[in-house]
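Architecture at a glance
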Amino acid sequence: MSTPQEFDLIVVGGGLAGASLAAALRGSGLRTAVVERWPLEHDKQPSYDDRTVALTWSARRIYEGIGVWSAISGEAEPIRDIHVSDRGGFGMTHLSHRHAGTPALGYVVPTRVLGGALLASMESADSVTLYCPARATELRVTGDRGHLALEQDGQTVNLSAPLVVVADGGRSDLAGGEDSHPKPYPQQALLSIVTTDRPHRGRAWERFTGEGPLAMLPLSGNRLAVVWTSMPKNLASRQAMDDDGFVLHLQRTFGDRAGNLERPSARKAYPLHRSHLRHPARDRRVVLGNAAHTVHPVAGQGFNLGLRDVAVLAELVFRARLAGRDIGSEVLLQEYNDLRRRDTFMVRQFTHSMVTLFCADLPGARLARNLGLKGVELFPPAKRFLLRRTMGLAGPLGLLARGLPLDCLAAGGGDYAGPPENGAAGP
């Protein structure tokens, strides 16, 4: 066996989560290897496909702290308001950035833009070595190091580091499947982009139907990103429709709140499931992002949950590095598990409960959800609670989630309080 190439940190997965971690730690002095299976501009590489990602206000703060938000902001469409309703019911609620005291509730960003900004950050860091395309084949731990074998250009390459981070998505071979509990949803998500004949003014819509949520998210040029939860029997027919038929069907289901819809893009479908690892960090390995947990796309929480994984782990590792401690120690890994447990649990429960309640077609359930929506609209404390949860501001916030770079720790600024934790301040 060849002598392994030694690093301080190995990140398996150069998609949005893995690249965000590498970018967050670029000023730490850690020699970091990033392993990505697909060429970075290949459509199967999630950072460079045609999808969009909804970022919460907390995610903006994290990317400000990482130092890439300025490269993203020009093509980040702000979500200023969200209209939530139940199709065929009287319940609705309106969430506004004015209720939160922020310029926006979140942003919709093309994954190509976000991926390009993160790639530029990694490539400009002398401490980051990118293995791409390369496929990780085996991960094992001996003593105080993790050992990763990968295939690149027909050759076997061996890497070694005190800590290995697995961030290669929901189909990861290295995440530890024996600890996972995947449960598929009966629906799939149908994605498209449509154009409307009126300005959306930064408004997003979440409309619940008998199949699940139908979300319309604002994009530039009076366009809307469509995320339509569909049952398999309806999914096939919707994909088979021509553009005119699809838009007509979408308009009938959604209504005319967003105006007259036209010019749909190609439709793509993705299966939906929920899963989580009970112990995402152990044995010199941390599993984060979709490799550690997947949730229903309702309320756009999935990627943002993984980004908060990144923010917490990056700060723990940075602090340990400055203190001269082992960044892969069981003490650090247990601290990560403890810090991420509640947030992960709450998001999993929140998204699953929303889907369960709003997909139930029983008379009692319909009345309950409509009364619930009306109650949120009429009771400001409930609205503020919902906003904090969906904006990623619930619970204690670390440095990155307050928009502060980790470099401030090295400069002796670790005690700086930064912006208020309610997110009310900011540009």
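All values reported here derive from a predicted model rather than from experimental measurement. (Residues numbered from 1 in each chain as written. Predicted model: local features only at pLDDT ≥ 70, side-chain atom pairs only at ≥ 80, totals over all residues. Heavy atoms only, no water.)

Residue position: histidine 293 is located in strand β22 (residues 293–294). Polar contacts involving the side chain of histidine 293 include one to the side chain of aspartate 309, which spans 2.6 Å. (Helix = DSSP H or I, 4+ residues; strand = E, 2+ residues; numbered from the N terminus. Polar contact = N/O pair within 3.5 Å; in protein donor to acceptor, adjacent residues only side chain to side chain.)

One open sheet holds the six strands; their spatial order is β9-β3-β2-β13-β21-β20, and the pairing between them is mixed. Each end of this open sheet is capped by a strand with a single partner; those strands are β9 (128–131) and β20 (281–282). With four bridges connecting them, strand β2 (residues 9–12) and strand β3 (residues 32–35) associate as parallel partners. In the strand pairing of β3, valine 11 is matched with valine 34. (Pairing = 2+ DSSP bridges.)

Confidence in the prediction of the chain, expressed as mean pLDDT, is 89, and 91% of residues score 70 or more. Low pLDDT, under 50, characterises residues 414–427; the predicted model gives this stretch 36 contacts beyond four residues in sequence or across chains. (pLDDT = per-residue confidence, 0-100. Contact = heavy atoms within 4.5 Å.)

Looking now at helix α2 (residues 57–66). In terms of burial, α2 is largely enclosed, as nine of its ten residues are buried. For α2, every residue scored as buried is listed here: Trp57, Ser58, Ala59, Arg60, Arg61, Ile62, Tyr63, Gly65 and Ile66. Backbone geometry just after α2 places glycine 67 at a positive phi near 100 degrees. (Buried < 20%, exposed > 50% of the residue type's maximum accessible area, 1.4 Å probe, protein only.)

Let us now look at the pattern of salt bridges. Applying the stated criterion across every chain, the model contains 15 salt bridges. Across the salt bridge formed by glutamate 64 and arginine 61, the nearest N and O atoms sit 3.7 Å from each other. Linking glutamate 64 with arginine 61, this pair stays in helix α2, spanning three residues, or about one helical turn. Relative accessible area serves as the criterion here: at 23%, glutamate 64 is assigned to the partly exposed category. The class for arginine 61 is buried, based on a relative accessible area of 3%. For arginine 340, the salt bridge goes to aspartate 343, with nearest N and O atoms at 2.9 Å. (Salt bridge = Lys/Arg side-chain N within 4 Å of Asp/Glu carboxyl O.)

Where helix α1 (residues 16–24) meets helix α8 (residues 302–323), the axes come as close as 9 Å, and the angle between the chain directions of the two elements is 25 degrees. With respect to α8, the element α1 is oriented roughly parallel. Here the hand of the crossing between α1 and α8 comes out right-handed. Contact with α1, carried on its side by Leu16, Ala17, Ser20, Leu21 and Ala24, involves Phe303, Leu307, Val310, Leu313 and Ala314 of α8 and no other residues of that element. Across the contact of α1 with α8, the residue classes break down as nine nonpolar, one polar and no charged. (Axes fitted to C-alpha atoms, helices over the stretch in contact; angles between N-to-C directions. Parallel < 35°, antiparallel > 145°, perpendicular 65-115°, else oblique. Left-handed = near helix turned anticlockwise from the far one by under 90°. Nonpolar A, V, L, I, M, F, W, Y, C, P; charged D, E, K, R; others polar.)

A few words now on the packing of aromatic side chains. Taken as a whole and judged by the stated rule, the model has four aromatic pairs. Taken together, a centroid distance of 5.0 Å and an interplanar angle of 65 degrees make the contact between tryptophan 69 and tyrosine 107 edge-to-face. Taken together, the residues tryptophan 69 in helix α3 (residues 69–72) and tyrosine 107 in strand β8 (residues 106–110) connect sequence positions 38 residues apart. On the basis of relative accessible area, tryptophan 69 is assigned to the buried category, the value being 8%. Over the aromatic face of tyrosine 270 sits the side chain of arginine 51, whose NZ or CZ is 4.6 Å from the ring centroid. Lying over the aromatic face of phenylalanine 246, arginine 267 brings its terminal NZ or CZ to 4.5 Å of the ring centre. (Phe/Tyr/Trp six-rings, centres within 6.5 Å; stacked < 30°, edge-to-face > 60°. Lys NZ or Arg CZ within 6 Å of the ring centre and 35° of its normal.)

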